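In case you want the letters, here they are:
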Amino acid sequence: EGSVYILYDNYDLEWLSDETGNSNPNITSINDFVSICLQSTSMISGYIRYNRTSQAAIVPNILTLSSILNAIPLEDNDEAFEQNSPKLVFDALTEFDNFNALNATSYVFEKYGSE
């Protein structure tokens, strides 16, 4: 366990070095990182099924649920399924069918607002 940093470009490596003194970090691909997370049942409860394209307007709500449920949002064709068999903890394609951002926000607040 430890900290995770996303490296988008060379400025991020410079920033990481300036902030932590680490100029040669271990690099893990996103697919390997997701697999590691999915295998750690002490950290991750499973996954949230969603579609990034059709549900673009409610991705912030899906990410909020991800935090609440300790789950990773994955699309049906995600490479993570090739190495893992994660537990489905929330099906956003079904639960949020035809939801706009207001509907999704209301749902998340009403269902999880007290947690």
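Residues numbered from 1 in each chain as written. Predicted model: local features only at pLDDT ≥ 70, side-chain atom pairs only at ≥ 80, totals over all residues. Heavy atoms only, no water.

J.: In this structure, what is going on with the overall build of the chain? I would like to understand it.
T.: Broken down by element type, the chain carries six helices and three strands. Starting at the N terminus and walking to the C terminus, you meet the elements of the chain as α-α-β-α-β-α-β-α-α. Along the first, second and third principal axes, the C-alpha atoms of the chain reach 45 × 30 × 30 Å. Among the 115 residues that make up the chain, the fraction classed as buried is 30%. Counting contacts in the chain only where the partners sit at least 6 residues apart, residues at least 24 apart contribute 65% of the total. Carbon and sulfur atoms make up 47% of the accessible area of the chain, which totals about 8,100 Å². Averaging the locations of the 4 positively and 17 negatively charged side chains of the chain gives two centres separated by 13 Å. (Helix = DSSP H or I, 4+ residues; strand = E, 2+ residues; numbered from the N terminus. Buried < 20%, exposed > 50% of the residue type's maximum accessible area, 1.4 Å probe, protein only. Contact = heavy atoms within 4.5 Å. Areas by Shrake-Rupley, 256 points an atom, 1.4 Å probe, with all protein chains shown as cover. Lys, Arg positive; Asp, Glu negative; His and termini not counted. Charge placed at Lys NZ, Arg CZ, Asp CG, Glu CD.)

J.: Before we go on, may I ask you to explain the layout of surface pockets in this structure?
T.: One water molecule sets the probe size; rolling that probe over the atoms shows where empty space is left. The volume enclosed by the largest pocket comes to roughly 760 Å³. Around the largest pocket, the lining comprises 20 residues; the ones closest to its centre are S3, V4, Y5, T28 and F33. Those elements that provide at least two residues to the lining of the largest pocket are helix 1 (10-20) and helix 2 (30-39). Counting residues per element, the lining of the largest pocket draws most heavily on helix 2, which supplies four residues. Split into classes, the residues belonging to the lining of the largest pocket amount to 12 nonpolar, seven polar and one charged. Approximately 240 Å³ is the volume found for the second largest pocket. Broken down by secondary-structure element, the contributors of at least two residues to the lining of the second largest pocket are helix 3 (59-69) and strand 2 (71-74). Per element, the largest residue contribution to the lining of the second largest pocket is three residues, and it comes from helix 3. Looking at the lining of the second largest pocket residue by residue, the class counts come to seven nonpolar, no polar and four charged. (1 Å grid on protein atoms, 1.4 Å probe; cavity = no way out; pocket = protein on both sides within 12 Å on 5 of 7 lines; lining within 4 Å. Points joined across faces, edges and corners; volume = space filled by probe spheres on them. Nonpolar A, V, L, I, M, F, W, Y, C, P; charged D, E, K, R; others polar.)

By themselves, these are just geometric observations and shouldn't be taken as functional.
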